[in-house]
Amino acid sequence: MAAVAARPVYFGAFLVTSQVFYRTEHSFALVNLKPLLPGHVLVCPNRVVARLKDLSAPEITDLFLTVQKIGKAVEHIYKADALNIAMQDGVAAGQSVAHVHMHIIPRRFRDLEKEDQIYTMLESSDGDLGRSYLEADSQGLDASVGRPKFPTIPLDSERRPRTEQVMREEAVWLAERIRESGVD
């Protein structure tokens, strides 16, 4: 199956083209390098800007409509009861990658010990996407394409970065499920 993103897609400085499963004129959705719960995805504007206030009205409209569509889709796909939708808008708010992004996390009743535990996870090193990408990046760069070589370790209790292959497969799977669901 062809990639969802025909041209390179960046999340901040990180090339994430193979992780993208949905595109619009102004936004994209990608699978997460280190999901906090199954189905945890991100939605970002195509233009790399650090703060929500830096987006144009069409970009903001498209971003939120995309969050709504992807939220509906992942809630259905993962048979969730609800969603957490979160954004850290700036470094002081815990943003670790200087690119506007919204977390969409499918939730089920009693999936965590405490229902609001997800916010602690997002604010802790568990949710530090910048550090996660740098950890993956520390494995070396593939000079031929200039993208991180993701370590070949599975997602485990230590929440290590997933492999690029695992994320690519999830992105293709999600793109197919979304097409089948008619959300697209």
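Residues numbered from 1 in each chain as written. Predicted model: local features only at pLDDT ≥ 70, side-chain atom pairs only at ≥ 80, totals over all residues. Heavy atoms only, no water.

The name that an unreviewed UniProt entry assigns to the protein chain is Bis(5'-adenosyl)-triphosphatase, with the source organism given as Discina gigas. The record held by UniProt for the protein chain lists under Cofactor (unreviewed entry) the comment "Mn(2+)". Per UniProt, the protein chain has the following entry under Catalytic activity (unreviewed entry): "P(1),P(3)-bis(5'-adenosyl) triphosphate + H2O = AMP + ADP + 2 H(+)". (UniProt positions renumbered as here; feature names shortened; annotations may be inferred.)

## What about the sheet that holds strand 7 (residues 102-107)?
Across the sheet, which stays open at both edges, the five strands sit in the order 3-4-5-7-6 with antiparallel pairing between neighbours. Two strands bound the open sheet, and with one partner strand each, they are strand 3 (20-23) and strand 6 (82-86). Going from strand to strand, the sheet's axes swing by 20 degrees on average, the running direction of each strand aside. Relative to strand 7, strand 5 (residues 41-45) runs antiparallel, the two being bridged by three bridges. Looking at strand 7, one finds that Val 41 is bridged to Ile 104. Taken strand by strand, helix 4 (residues 164-181) contacts strand 3, strand 4 (27-31) and strand 5, and its axis lies near 35 degrees from that of strand 3. (Pairing = 2+ DSSP bridges. Helix = DSSP H or I, 4+ residues; strand = E, 2+ residues; numbered from the N terminus. Axes fitted to C-alpha atoms, helices over the stretch in contact; angles between N-to-C directions. Contact = heavy atoms within 4.5 Å.)

## Some thoughts on the nonpolar core
Residues Phe 21, Val 41, Val 43, Ile 70, Ile 104, Leu 174 and Ile 178 are the most contacted members of the largest nonpolar core, which totals 25 residues. Listing elements by their share of this core, those giving two or more residues are strand 3, strand 4, strand 5, helix 1 (57-77), strand 7 and helix 4. Here this core takes six residues from helix 1, the largest share from any one element. Within the second largest apolar cluster, 10 residues are counted, among which are Val 9, Phe 14, Leu 30 and Val 97. (Core = buried A, V, L, I, M, F, W, Y, C linked by side-chain atoms within 4.5 Å. Buried < 20%, exposed > 50% of the residue type's maximum accessible area, 1.4 Å probe, protein only.)

## Focus: the side chain of Asp 62
Structurally, Asp 62 is set in helix 1. The buried charged residue Asp 62 lacks any salt bridge, with Lys 69 as its nearest oppositely charged partner at 7.0 Å. Among the polar contacts listed, one links the side chain of Asp 62 to the side chain of Ser 27, at a separation of 2.7 Å. Excluding anything up to four places from it in sequence, Asp 62 contacts Thr 24, Glu 25, His 26 and Ser 27. (Lys, Arg positive; Asp, Glu negative; His and termini not counted. Salt bridge = Lys/Arg side-chain N within 4 Å of Asp/Glu carboxyl O. Polar contact = N/O pair within 3.5 Å; in protein donor to acceptor, adjacent residues only side chain to side chain.)

## A short note on the packing of helix 1 against helix 4
At a minimum axis distance of 10 Å, the contact between helix 1 and helix 4 shows a crossing angle of 100 degrees. Here helix 4 runs roughly perpendicular to helix 1, going by the angle between their axes. When helix 1 is examined against helix 4, the residues Ile 70, Ala 73 and Ile 77 are found in contact with a partner set consisting of Trp 173, Leu 174, Arg 177 and Ile 178. Looking at the contact of helix 1 with helix 4 residue by residue, the class counts come to six nonpolar, no polar and one charged. (Parallel < 35°, antiparallel > 145°, perpendicular 65-115°, else oblique. Nonpolar A, V, L, I, M, F, W, Y, C, P; charged D, E, K, R; others polar.)

## Things to note about the pattern of salt bridges
For the structure on display, the rule yields seven salt bridges. The residue Asp 111 makes a salt bridge to Arg 107 at a minimum N-O spacing of 2.8 Å. Relative accessible area serves as the criterion here: at 5%, Arg 107 is assigned to the buried category. Arg 162 is the partner of Glu 170 in a salt bridge, and the nearest nitrogen-oxygen pair spans 2.6 Å. For Glu 170, a relative accessible area of 14% translates into the label buried. One continuous salt-bridge network, built from bridges that share partners, spans Glu 176, Arg 177 and Glu 180.

## Some thoughts on unusual backbone geometry
With a phi close to 50 degrees, Lys 79 is a non-glycine residue in the positive phi region. Mapped onto the elements, Lys 79 comes out in the loop between helix 1 and strand 6. Here Arg 110, not a glycine, exhibits a phi torsion of approximately 60 degrees, which is positive. Looking at the element boundaries, Arg 110 is found in the loop between strand 7 and helix 2 (117-123).

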